[in-house]
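Structure assessment
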Amino acid sequence: MTDAATLTDLKAAARAAAFARRKAAHAARNPAAADRLRAELARFAGRALAGYMPMRTEIDCLPAMAAHVGPVGVPVILGPGQPLRFRRWTPASRMVAGDFGALIPETGDWIVPEVLVVPLVAFDRKGYRLGYGGGFYDRTLEGLRTLGPVTAIGFAYGAQEMAEVPVEPTDQPLDLIVTEGEVITPGR
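Because the structure is predicted, anything quoted here is derived from the model rather than measured.

1. A look at the overall build of the protein chain
A count of helices and strands for the protein chain gives four helices and twelve strands. The C-alpha atoms of the protein chain give a radius of gyration of 16 Å, which matches the 16 Å a tight globule of 188 residues would have. In terms of overall dimensions, the protein chain has a C-alpha envelope of 45 × 35 × 30 Å along the principal axes. Within the protein chain, the proportion of its 188 residues that are buried is 45%. Contacts in the protein chain between residues far apart in sequence, at least 24 positions, make up 65% of those at least 6 positions apart. Carbon and sulfur atoms provide 56% of the accessible area of the protein chain, an area that totals close to 9200 Å².

2. Focus on unusual backbone geometry
The phi angle at Arg56 is positive, at roughly 50°, despite the residue not being glycine. Relative to the helices and strands, Arg56 resides in the loop between strand 1 (49-50) and helix 3 (62-67). In this structure Arg56 comes out as exposed when scored by relative accessible area, which is 61%.

3. Considerations on the pattern of salt bridges
Pairs may arise between side chains of opposite charge once their charged atoms sit close together. Enumeration according to the criterion identifies nine salt bridges in this entry. Asp171 is paired through a salt bridge with Lys11; the nearest N and O atoms lie 3.2 Å apart. On the criterion of sequence distance, the pair formed by Asp171 in the loop between strand 10 (151-155) and strand 11 (176-178) and Lys11 in helix 1 (residues 4-27) is long-range, its members being 160 residues apart. Residue Glu161 pairs with Arg125 through a salt bridge whose shortest N-O separation is 2.8 Å. Of this pair, Glu161 sits in the loop between strand 10 and strand 11 while Arg125 sits in the loop between strand 8 (122-123) and strand 9 (129-130); the two residues are 36 residues apart in sequence, bridging distant segments of the chain. By relative accessible area, Arg125 is classed as partly exposed at 38%. Beyond isolated ion pairs, a larger network of salt bridges with shared partners links Lys11, Glu168 and Asp171.

4. Description of the layout of surface pockets
Approximately 850 Å³ is the volume found for the largest pocket. For the lining of the largest pocket, the elements supplying multiple residues, two or more each, are helix 1, strand 2 (72-76), strand 9 and helix 4 (136-147). In the lining of the largest pocket, the residues fall into 18 nonpolar, eight polar and eleven charged.

5. Here we look at helix 2 (residues 32-41)
Where helix 2 is concerned, the buried positions are Ala33, Ala34, Leu37, Glu40 and Leu41. Along the axis of helix 2, the buried positions cluster into a sector of 125°, meaning they face one direction only. Tucked inside the fold, the buried residues of helix 2 contact strand 1, helix 3, strand 7 (115-118), strand 10, strand 11 and strand 12 (183-184).

Analysis parameters
- Residues numbered from 1 in each chain as written.
- Predicted model: local features only at pLDDT ≥ 70, side-chain atom pairs only at ≥ 80, totals over all residues.
- Heavy atoms only, no water.
- Helix = DSSP H or I, 4+ residues; strand = E, 2+ residues; numbered from the N terminus.
- Rg over C-alpha atoms; globule rule 2.2 N^0.38 Å.
- Buried < 20%, exposed > 50% of the residue type's maximum accessible area, 1.4 Å probe, protein only.
- Contact = heavy atoms within 4.5 Å.
- Areas by Shrake-Rupley, 256 points an atom, 1.4 Å probe, with all protein chains shown as cover.
- Salt bridge = Lys/Arg side-chain N within 4 Å of Asp/Glu carboxyl O.
- 1 Å grid on protein atoms, 1.4 Å probe; cavity = no way out; pocket = protein on both sides within 12 Å on 5 of 7 lines; lining within 4 Å.
- Points joined across faces, edges and corners; volume = space filled by probe spheres on them.
- Nonpolar A, V, L, I, M, F, W, Y, C, P; charged D, E, K, R; others polar.
- Arc of directions from axis to C-beta.

Printed below as a string of structure tokens:
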């Protein structure tokens, strides 16, 4: 069994390597990624969707969010150790800086998503993701999944794939992973 300190070190090393791969992939931006995500989201038309506002070298999901038929929200961080909430977003929303520099709608209703497009640093084919280390999406997915069916879609560059993400018991798996080259349905 891996102790907590070793797992923390493994995740830190994996993040550093994945950030470098993501930066290189982002420089080569492939517009097919947003088209592939939009096509996947079409089957969830009418359902509440949560996306994210891309920062730095995160892959851009905004075109797919704007095309979604149904309510769309973006994450709002309420505080450390808390799950995310999602405020309704449209391309016309007035945005302001939230925690960690992510843009959030200045006003708007809260939505409870049934489908989430999840940002990530790295992923594996088992459906596990490596995030930024705050646990926000893991807490959020765990809570939403107690309310009913939720589909978590990781959106990433193919270069962000790693052989095996170091996981802990609180890590929530993804249901799908969409890259510029493929849609992956994790086998568990």
